[in-house]
Amino acid sequence: MRTKMVAGNWKMNKTLQEGVALATEIKEALKNQKPACEVVIATPFIHLATVSQVIEGSPIHLAAENCADKASGAFTGEVSAAMVRSTGAEYCILGHSERRAYYHEDYAILREKVLLALENGLKPIFCIGEVKEEREANIHEQVVKDQLEGSVFNLSAEDFAKVTLAYEPVWAIGTGLTATPEQAQEMHAYIRSLVEKKYGKQVADDTTILYGGSCNAKNAAELFANPDVDGGLIGGASLKAPDFCTIIAAR
Ligand code: 13P
């Protein structure tokens, strides 16, 4: 049985104090709720060490939103996978479309980041997804195939088993435009078929594939009802504890 998961991606939001308050509010809410899935919050780097202490003893797991593509050294302003791991974070989001688009992270850079995350005991949450023009041109399947082959299908089956995939159609991120449950299921099933071709049925069955892109308290349940949608990677709606907890309850 693969892990079901709801993960929040805070992106570049919340001061340290606001972030601590949000993590505290989620922790308190989950005391009564007893989540039936793995709950993860991905915070900015500067929040990690403090939030790690805040969520101790709760069912919440911690993720970074990125890590460096170098192990250590003279890379001013960068944060390594080892540093992330040392805060208590267990996961690291990699390959987010915002990193690909605004910070020019290509397949090779992401391949390095994934390897460094794994070497340092972090489980990657690896994002893939097409832009609007690619879907309109009907090449969305080829796009995600290239993204997987470019950065994670080089891994051994043992390492790949530590990776969570997140399908995030770029046209649905922050736009209020969600993929329909049918579109999400279709793509998730396709992604799982690619994993099966590469790693076999067992690994494919065990791979957690999240949906991301304007997933919210209202539409989460119908997205999660699909057999290949194992949960969500939530942006905007993860910044409000009640909404985030409603999404967790929908999984
Ligand atoms: P929104 O939920 O704000 O559309 O963001 C999705 C996302 O990018 C999560 O990583």
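Residues numbered from 1 in each chain as written. Predicted model: local features only at pLDDT ≥ 70, side-chain atom pairs only at ≥ 80, totals over all residues. Heavy atoms only, no water.

J.: Where do I start with the overall build of the protein in this structure?
T.: Helices and strands together make up the secondary structure of the protein, namely 12 helices and 8 strands. The C-alpha atoms of the protein give 17 Å as radius of gyration, which agrees with the globular expectation for 251 residues (18 Å, within 12%). With respect to the three principal axes, the spread of C-alpha positions in the protein is 45 × 45 × 35 Å. Pairs at least 24 residues apart make up 72% of the contacts formed inside the protein by residues separated by at least 6 positions. For the protein, the separation between the mean place of its 25 positive charges and that of its 33 negative charges on side chains is 3 Å. (Helix = DSSP H or I, 4+ residues; strand = E, 2+ residues; numbered from the N terminus. Rg over C-alpha atoms; globule rule 2.2 N^0.38 Å. Contact = heavy atoms within 4.5 Å. Lys, Arg positive; Asp, Glu negative; His and termini not counted. Charge placed at Lys NZ, Arg CZ, Asp CG, Glu CD.)

J.: For this particular structure, what's the right way to read the packing of aromatic side chains?
T.: The description of an aromatic ring pair uses the distance of the two centres, along with the angle that the planes make with each other. Tallied over the full model, the rule gives 4 aromatic pairs. Ring plane angle 65 degrees and centroid distance 5.9 Å describe the contact between Phe153 and Phe160, whose orientation is recorded as edge-to-face. As far as the burial class goes, Phe153 and Phe160 line up, both buried. Measuring from ring centre to ring centre gives 4.5 Å for Phe160 and Tyr199, while their planes differ by 15 degrees; the resulting arrangement is stacked. Remark: Tyr199 occurs in helix 9 (residues 181-199) and Phe160 occurs in helix 8 (residues 157-160); sequence separation between them is 39 residues. Here Phe160 and Tyr199 have matching classes, each one buried. Members of the aromatic cluster, joined through ring pairs, are Phe153, Phe160 and Tyr199. The ring of Tyr103 is capped by Arg99, whose NZ or CZ atom sits 4.2 Å from the centre of that ring. (Phe/Tyr/Trp six-rings, centres within 6.5 Å; stacked < 30°, edge-to-face > 60°. Buried < 20%, exposed > 50% of the residue type's maximum accessible area, 1.4 Å probe, protein only. Lys NZ or Arg CZ within 6 Å of the ring centre and 35° of its normal.)

J.: Please clarify how the side chain of Asp230 should be interpreted in this entry.
T.: Summarising the element assignment, Asp230 is placed in the loop between helix 11 (220-224) and strand 8 (231-234). Overall, Asp230 belongs to the buried group, its relative accessible area being 0%.

J.: How should I be thinking about the state of the cysteines in this particular structure?
T.: Each disulfide is one covalent bond, formed between the sulfur atoms of two cysteines. Under the criterion given, the structure shown has 0 disulfides. Between Cys37, a cysteine without a disulfide, and Cys245, which holds the nearest cysteine sulfur, the sulfur-to-sulfur distance is 10 Å. Note on Cys37: relative accessible area 9%, which makes it buried. (Disulfide = S-S within 2.5 Å.)

J.: For this particular structure, what's the right way to read unusual backbone geometry?
T.: Even without being a glycine, Lys14 presents a positive backbone phi close to 80 degrees. Unlike most non-glycine residues, Asn138 shows phi in positive territory, near 60 degrees. Look at Asn138 and you get exposed, because its relative accessible area is 59%.

J.: Just to check I follow, could you spell out the site of the ligand for this structure?
T.: Around the ligand sit Asn9, Lys11, His96, Glu168, Ala172, Ile173, Gly174, Gly213, Ser214, Leu233, Gly235 and Gly236, and those are all the residues in its vicinity. Take Ser214: an N or O atom from its main chain is 2.8 Å from an oxygen atom of the ligand. Gly236 is positioned with one of its backbone polar atoms (N or O) 2.8 Å from an oxygen atom of the ligand. About the coverage of the ligand: the protein hides 95% of its 310 Å² of free accessible area. Residues that form the shell around the ligand fall into these classes: 3 nonpolar, 7 polar and 2 charged. (Near = heavy atom within 4 Å. Polar contact = N/O pair within 3.5 Å; in protein donor to acceptor, adjacent residues only side chain to side chain. Areas by Shrake-Rupley, 256 points an atom, 1.4 Å probe, with all protein chains shown as cover. Nonpolar A, V, L, I, M, F, W, Y, C, P; charged D, E, K, R; others polar.)

J.: I would appreciate a short explanation of the nonpolar core in the present structure.
T.: Among the nonpolar cores identified, the biggest contains 65 residues, and Ile26, Ile41, Phe126, Phe160, Leu165, Ile191 and Tyr211 are the most heavily contacted of them. Among the elements that make up this core, the one with the highest residue count is helix 9 (7 residues). With near-sequence residues (within four places) excluded, Phe126 lies in contact with Leu94, Gly95, Arg100, Leu110, Val114, Gln147, Ser151, Val152, Val163, Thr164, Leu165 and Ala166. If you look at the next biggest cluster of nonpolar residues, it comprises 12 residues, including Met5, Val40, Ile125 and Leu233. (Core = buried A, V, L, I, M, F, W, Y, C linked by side-chain atoms within 4.5 Å.)

J.: Even after reading the chapter, I still don't get the environment of Leu22, so can you show me in this structure?
T.: Among the structural elements, Leu22 can be located in helix 1 (residues 16-33). Look at Leu22 and you get buried, because its relative accessible area is 4%. When the C-alpha atoms of Leu22 and Ile191 are compared, they prove to be 33 Å apart, with 169 residues separating the residues in sequence.

J.: For this particular structure, what's the right way to read the pattern of salt bridges?
T.: Side chains carrying opposite charge are able to pair once their charged atoms draw close together. Under the counting rule described, the total for this entry stands at 16 salt bridges. We note a salt bridge from Arg2 to Asp228, for which the minimum N-O separation is 4.0 Å. Taken together, the residues span a long stretch of sequence, with Arg2 in the segment before strand 1 (5-9) and Asp228 in the loop between helix 11 and strand 8 at a distance of 226 residues. Both residues of the pair, Arg2 and Asp228, count as buried. The salt bridge involving Lys11 is made with Glu98; its shortest N-O contact spans 2.9 Å. With Lys11 in the loop between strand 1 and helix 1 and Glu98 in helix 4 (residues 97-102), the pair connects residues that are 87 residues apart, well separated along the chain. (Salt bridge = Lys/Arg side-chain N within 4 Å of Asp/Glu carboxyl O.)

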